[in-house]
Amino acid sequence: MSFIQNPPSLGNQFRDDRVLQQYLGRALPDDVLADLTPALDRMGNLAGGELYTQQLAERLQEPRLVQWDAWGNRVDRIELTPLWQRAEEVAAREGLVALPAEAPYGRHTRIAQFALVYLYAASTDLYACPLAMSDGAARTLLASGNRILIDRALPHLTSRDPARFWTSGQWMTETPGGSDVGLSETRARLENGAWRLQGRKWFASAIASQMALTLARPDGNPAGGRGLALFYVETRDALGRPNRLTVDRLKDKLGTRKLPTAELTLAGTPAELVGEAANGVRAISTLLNVTRVWNSIAAVAYMRRALALARSYAGLRLAFGARLAQKPLHADTLAGIQAEFEGAFHLSFFVAELLGRSETGETSEQQEALLRLLTPVAKLFTGKQAVAGVSEALECFGGAGYMEDTGLAMLLRDAQVFPIWEGTTNVLALDCLRAVGPTGLAPLAREVSYLLGALKDTRLVAISARIQRAIESADAWLRKHAGGNGGVLEAGARRFAMTLARSTAAALLAVQAQWSMQQNDLRAYAALNRFAAGGLNALEDFDPAVSALLVTER
Ligand code: MFK
């Protein structure tokens, strides 16, 4: 029989992850880390063991919409895959949504929560999606101060008991478009003192959820986002029947196929107003900002998963007389993906840290501005990195990386969602311009200076100066074009956001490198070098007027 290659394998995903362990060692107080470690160890074990095995075994299973029962009743029941059912149970028991409400570690709680989410995400077929929306919905209800809805939904959303646990949908997208939410057509009407919704939702993620937050336009309100209002909906009535809504069909998507995304018709669906009867886009942005952090963490989790598999395979695969890991070009390719992953990792977890501080009231005005800006920055950066990193990692397997039955192809199809949902790269780049607002880049520039100011090792000084220059150049670009007609600013928004992402990620990597060098570990420093070599300033040497010539064909 001819020789057959060994497949890659995964170990405990917490114990194997040097980047996560060193980051937590730096970011968490010792007692918090000691208390959290058993949960991380449990999750790391599940993620690299049972959940991963089940994920591979169930590769061909998909959720199913059952619209009618045997007796002709419209039931619109979603049959989830077994892994999704298991993932829900694990998420509830481990408190993936409950943790921020329980806040056992004060401002460090978000770091703890997202470390668990990071371990969980790549082994659970995007069950992180309903969890993200539930976390965002819980935050939004709390921010609204609506006591009745808080008392009704929060005990479920934040329960650790799988039998009581609810997830929430976030129904925003309608047929006129996903990004320009202000075009939404769903109407809200007061009938006998109760709100009823009428309309069509075109991309309702995780449709098996028990509740949803959604936007609709109360009769008489003006067009645009300000005329929309935020509503709370329960998807089933007291008898468990669809609550005056129909699930028309499930979406036929490139990836995230285990996640049931639906087209819905709301036909007089009972709803509760969450806050005021207007300004719905502003109200739902609390939710969006939370799900965007989840998106960033899940994106880095996918990069890490693809890398872990590629690294395992490089240690096994024999080609041209040696293991791939011993081949200089292959090792260099893996190093490049690793460096990009580490930059993305530190940026995402820094946003998680800021969110935690904000929720415990420990942020200054400057840090609030930083959180507002870095949330879209991290989301757009990590979404792009995930697709590029996972694609490159798949290439490390040659043809096996292109195969469905290795489980590898699914990683790339799933990763492609990260730059698309929760705001595309361009929409988020424009949000960055909105977020810099009147304060400009001062809060970020100050934070980066502060981070770099703490570096002591002379090897970090040269890179530190480059990081500083990239931020200064982004600031100068913003000032130069802010007073113009907006065209140059808009055309350059993505390069501007990428410059902020790469320089902030590099500053955070430098802080980690300093910490790790003190433990005689040069790997974070190596990641910083490689990451910086990939470029920090995307605005440099770029003439938008010349680029604009490329748009028309004739
Ligand atoms: C692990 C994975 C996790 C993810 C799972 C999620 C799965 C769910 C799938 C989906 O549902 S995907 C659909 C997600 N849809 C989007 O993300 C929408 C993308 N579009 C945008 O974000 C647009 O920028 C936006 C809809 C917000 C633009 O709408 P408008 O009406 O043109 O906004 P406008 O007028 O600029 O802002 C209205 C108000 O909201 C302003 O405040 P004021 O009323 O006080 O002036 C803005 O400042 C505020 N605002 C907008 N975005 C904000 C925000 N405030 C804070 N943070 C933000 N991000």
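Up top is the structure.
Worth saying up front: this structure is predicted, and the values here are computed from it rather than measured. (Residues numbered from 1 in each chain as written. Predicted model: local features only at pLDDT ≥ 70, side-chain atom pairs only at ≥ 80, totals over all residues. Heavy atoms only, no water.)

A.B. asks: Is there a simple way to explain the side chain of R292 in this structure?
C.D. replies: Among the structural elements, R292 can be located in helix α9 (residues 280-316). Under the relative-accessibility criterion, R292 is labelled buried at 10%. Beyond its immediate chain neighbours, meaning those up to four positions away, R292 contacts T375, K379, E422, G423, L428 and D431. (Helix = DSSP H or I, 4+ residues; strand = E, 2+ residues; numbered from the N terminus. Buried < 20%, exposed > 50% of the residue type's maximum accessible area, 1.4 Å probe, protein only. Contact = heavy atoms within 4.5 Å.)

A.B. asks: What is the right way to look at the environment of L157 in this model?
C.D. replies: Assignment of secondary structure puts L157 in helix α8 (residues 147-157). Along the primary structure L157 and M211 are separated by 54 residues, whereas in three dimensions their C-alpha atoms are 9.6 Å apart. The contact partners of L157, leaving out residues within four places of it in the chain, are V97, S134, A137, A138, F165, W166, T167, S168 and M211.

A.B. asks: Looking at this structure, I do not really get the site of the ligand. What am I missing?
C.D. replies: Around the ligand, the structure places 29 residues, and the nearest of them are S179, R226, N289, R292 and R434. R372 places a polar side-chain atom, nitrogen or oxygen, 3.3 Å from a nitrogen atom of the ligand. Here an oxygen atom of the ligand and a backbone polar atom of G423 are 3.2 Å apart. Here the ligand has 1200 Å² of accessible area as a free molecule, and 82% of this is covered by the chains. A majority-of-atoms criterion places the ligand in the largest pocket. Broken down by secondary-structure element, the contributors of at least two residues to the shell around the ligand are α7 (128-144), α9 and α13 (425-436). When residues of the shell around the ligand are assigned to their parent elements, the largest contribution, 10 residues, is made by α9. Tallied by class, the residues present in the shell around the ligand amount to 11 nonpolar, 11 polar and seven charged. (Near = heavy atom within 4 Å. Polar contact = N/O pair within 3.5 Å; in protein donor to acceptor, adjacent residues only side chain to side chain. Areas by Shrake-Rupley, 256 points an atom, 1.4 Å probe, with all protein chains shown as cover. 1 Å grid on protein atoms, 1.4 Å probe; cavity = no way out; pocket = protein on both sides within 12 Å on 5 of 7 lines; lining within 4 Å. Sits in = over half its atoms within 2 Å of the grid points. Nonpolar A, V, L, I, M, F, W, Y, C, P; charged D, E, K, R; others polar.)

A.B. asks: Please explain empty space enclosed by the protein as it appears in this structure.
C.D. replies: Gaps left between atoms are located by rolling a probe of water-molecule size over the structure's atoms. Applying the stated criterion to the full structure yields four cavities of 30 Å³ or more. Quantified by volume, the largest cavity comes out at close to 130 Å³. When residues in the lining of the largest cavity are grouped by element, the largest group, four residues, is from helix α12 (residues 408-415). When its residues are assigned to classes, the lining of the largest cavity shows eight nonpolar, three polar and four charged. (Points joined across faces, edges and corners; volume = space filled by probe spheres on them.)

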